[in-house]
Amino acid sequence: MFNYPTALRSVLSPAYLEWALQSHYDIGTWEECRFWLRGLNDTYRVETSTGVYILRVYRTEVAEADVRYELSVLTALKEGLGSSEHTEVGDFIPTKDQTGYTMLDAAEGKRAAVIFNYIEGTENNLEDEDSCYAFGRSAAELHHAMDGIKLEPEREMVSAADTRLKGERSKERFKLDTKFLIDEPLERVIRYIGESHNETAFLRTFTNVLKEKISAVSSSGLDYGLCHGDMHGNNNVFEKQERFIHYDFEWAAPGWRAYDLAQVKVRKRQSGDSEQRQKLWDSLMKGYRSVRNFTDADEQAVDLFIIARRFWVMGLDVAFIDSDMGALDYGEDWLNDFLEEFRGMGIV
């Protein structure tokens, strides 16, 4: 029973963040901390006497183990990519205790904070064949470097208040599998619209068929390994000289590489008709295959993972309704737009 004020998601004051974080970093004197962007997490732009940085304050659902995993991936990639001419990753600033992150007190609970180097570069919207070739080559280099990463499984200690009941629990990284992409979003969506909704049966049928198709195509042995997990363009298209800079590895996890590239194929910021888009995709594939193998079966699976990604996005919408977006714009019109899209995909 909640008989006291409770927050689901707060926006932390820049003044508080400066007070709470400045002693943990050797980045000079803080001159400005400005709330920059509200997304899945909160982003601040920090200026100090030594330069400009990006501060990310994660939502409470992101556990310490998740942050450690992301930073471990970044650390390994910096080493694995070495002096690559085409691929770079955004770097985080180490804390004085070398953990790389700080846990902050917020009204809704503990939130992790990480400071990253500000990325200097130009956003490339991948609107021409040369850019798509170059990005495909860079994405392949990223996957190649990820093939060499071996991370130890995380163990997370529950809070002292829960130790008596739960003790230590395993905190393994999720996988970008059909459970994560389809089953869990389906559960959230049906819980939101109700089991008795007249479209629930369609959603169950649609997702069952989608899982069967993914199972069938993956049985042939698709390329599998550590993925970026959110390679939709906004997180990957900053270009510095000849290099693409990849950042925001929050969703990095083992999965099918066709899922990673599916997000690029249907990236938000692209224009042109279907013929032009196909030319751009073919150039991207050519660039990717200039570095590492991507079979015809892998490429054919991309369109299935485009569908899976869209369903995952629907489930992500639902996950943030109560704490962030509110239900007003997520009623029958929102539902019908997704249903029309899914029915138009022709798998049911």
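Everything quoted here is computed from the prediction, not taken from an experiment. (Residues numbered from 1 in each chain as written. Predicted model: local features only at pLDDT ≥ 70, side-chain atom pairs only at ≥ 80, totals over all residues. Heavy atoms only, no water.)

1. Overview of the sheet that holds strand β11 (residues 238–240)
In a beta sheet, neighbouring strands pair by backbone hydrogen bonds and run either parallel or antiparallel.
Thinking step 1. Spatially, the 4 strands line up as an open sheet ordered β4-β12-β11-β7, and their pairing is mixed. Where the open sheet ends on each side, the last strands, each with one partner, are β4 (87–89) and β7 (122–123).
Thinking step 2. Two strands pair when backbone bridges link them, and β7 and β11 are joined in this way by 2 bridges, in the antiparallel orientation. Its bridge partner being in β11, E123 is matched across the sheet by F238.
Thinking step 3. Strands β4 and β12 (243–246) of the sheet are contacted by helix α3 (residues 129–147), whose axis makes an angle of about 55° with β12. (Pairing = 2+ DSSP bridges. Helix = DSSP H or I, 4+ residues; strand = E, 2+ residues; numbered from the N terminus. Contact = heavy atoms within 4.5 Å. Axes fitted to C-alpha atoms, helices over the stretch in contact; angles between N-to-C directions.)

2. Quick look at the confidence of the model for the chain
Fine structural detail should not be taken from predicted coordinates in areas where pLDDT scores are low.
Thinking step 1. With 94% of its residues at a pLDDT of at least 70, the chain reaches an overall mean of 92.
Thinking step 2. Within the model, pLDDT remains below 50 along residues 155–170, and this stretch shows 13 contacts once partners closer than five positions in the same chain are excluded. (pLDDT = per-residue confidence, 0-100.)

3. Comments concerning a negative patch on the surface
Thinking step 1. Side chains of E127, D128, E129, D130 and D282 sit close together on the surface and give a patch of like negative charge.
Thinking step 2. Tracing the chain through its elements places D282 in helix α8 (residues 274–289). (Patch = residues over 30% accessible without salt bridge, like charges linked within 9 Å, V, L, I, M, F, W, Y side chains within 5 Å. Areas by Shrake-Rupley, 256 points an atom, 1.4 Å probe, with all protein chains shown as cover. Salt bridge = Lys/Arg side-chain N within 4 Å of Asp/Glu carboxyl O. Lys, Arg positive; Asp, Glu negative; His and termini not counted. Charge placed at Lys NZ, Arg CZ, Asp CG, Glu CD.)

4. A closer look at the environment of I93
Thinking step 1. By secondary structure assignment, the location of I93 is in the loop between β4 and β5 (102–106).
Thinking step 2. Residue I93 is classed as buried on the basis of its relative accessible area, which comes to 11%.
Thinking step 3. I93 has contacts with Y25, I27, Y53, G100, I115, F116 and N117, leaving out every residue within four places of it along the chain. (Buried < 20%, exposed > 50% of the residue type's maximum accessible area, 1.4 Å probe, protein only.)

5. Brief notes about the nonpolar core
Within soluble globular proteins, side chains that are nonpolar generally end up buried alongside one another.
Thinking step 1. Ranked by internal contacts, the top residues of the largest apolar core, which has 82 residues, are L77, L203, L210, F249, L261 and F305.
Thinking step 2. With 14 residues, helix α9 (residues 296–325) is the largest single contributor of residues to this core.
Thinking step 3. In this structure F305 touches I214, L222, W256, A258, Y259 and A262, once residues within four positions along its chain are discounted.
Thinking step 4. The next biggest cluster of nonpolar side chains, apart from the first, holds 18 residues, and it includes Y44, V57, I93 and A113. (Core = buried A, V, L, I, M, F, W, Y, C linked by side-chain atoms within 4.5 Å.)

6. Overview of the environment of L40
Thinking step 1. As for its position among the elements, L40 is in the loop between β1 (30–38) and β2 (42–48).
Thinking step 2. For L40 and K268, which are 228 residues apart along the polypeptide, the C-alpha to C-alpha distance reads 17 Å.
Thinking step 3. Setting aside its immediate chain neighbours within four residues, L40 contacts R9, R59, W251, L316 and F320.

7. Regarding the packing of helix α6 (residues 200–218) against helix α10 (residues 332–343)
The geometry of a pair of packed helices is captured by two quantities: the angle between their axes and the separation between those axes.
Thinking step 1. Two elements in contact, α6 and α10, have axes whose closest approach is 12 Å; the angle formed by their N-to-C orientations is 40°. Here α6 is positioned oblique relative to α10, judged by the angle of their axes. When the axes of α6 and α10 are compared, the crossing they make is left-handed. For the pair formed by α6 and α10, the contact residues are F202, L203 and F206 on the first element and L339, F342 and R343 on the second.
Thinking step 2. Residue composition of the contact of α6 with α10, by class: 5 nonpolar, no polar and 1 charged. (Parallel < 35°, antiparallel > 145°, perpendicular 65-115°, else oblique. Left-handed = near helix turned anticlockwise from the far one by under 90°. Nonpolar A, V, L, I, M, F, W, Y, C, P; charged D, E, K, R; others polar.)

8. Section: the pairing of β12
Thinking step 1. Where β4 and β12 come together, 3 bridges link them in parallel fashion. By the bridge assignment, T87 is partnered in β12 with F244.
Thinking step 2. Summarising the sheet, β11 and β12 pair through 3 bridges and their orientation is antiparallel. What sits directly across from F238, in β12, is I245.

9. Comments concerning the sheet that holds strand β3 (residues 51–57)
Thinking step 1. Read from one edge to the other, the open sheet built from 5 strands follows the order β1-β2-β3-β6-β5, with strand pairing classed as antiparallel. The outermost strands of the open sheet, each flanked by one partner alone, are β1 and β5. Strand after strand, the sheet turns through a mean of 30° between neighbouring axes, direction not considered.
Thinking step 2. As judged from the 5 bridges shared by β3 and strand β6 (residues 109–117), these two strands associate in the antiparallel manner. Among the inter-strand pairings, I54 is bridged to a residue of β6, identified as F116.
Thinking step 3. The strands that helix α2 (residues 64–81) touches are β3, β5 and β6; relative to β6, the one it contacts most, it runs at about 15°.

10. Looking at the packing of helix α7 (residues 257–265) against α9
Thinking step 1. The contact between α7 and α9 brings their axes to 7 Å, and the two run at 75°. Accordingly, the angle class assigned to the pair α7 and α9 is roughly perpendicular. Every residue of α9 that contacts α7 at A258, Y259, A262, Q263 and K265 is listed here: D298, A301, V302, D303, F305, I306, R309 and W312.
Thinking step 2. Within the contact of α7 with α9, the residues separate by chemical class into 8 nonpolar, 1 polar and 4 charged.

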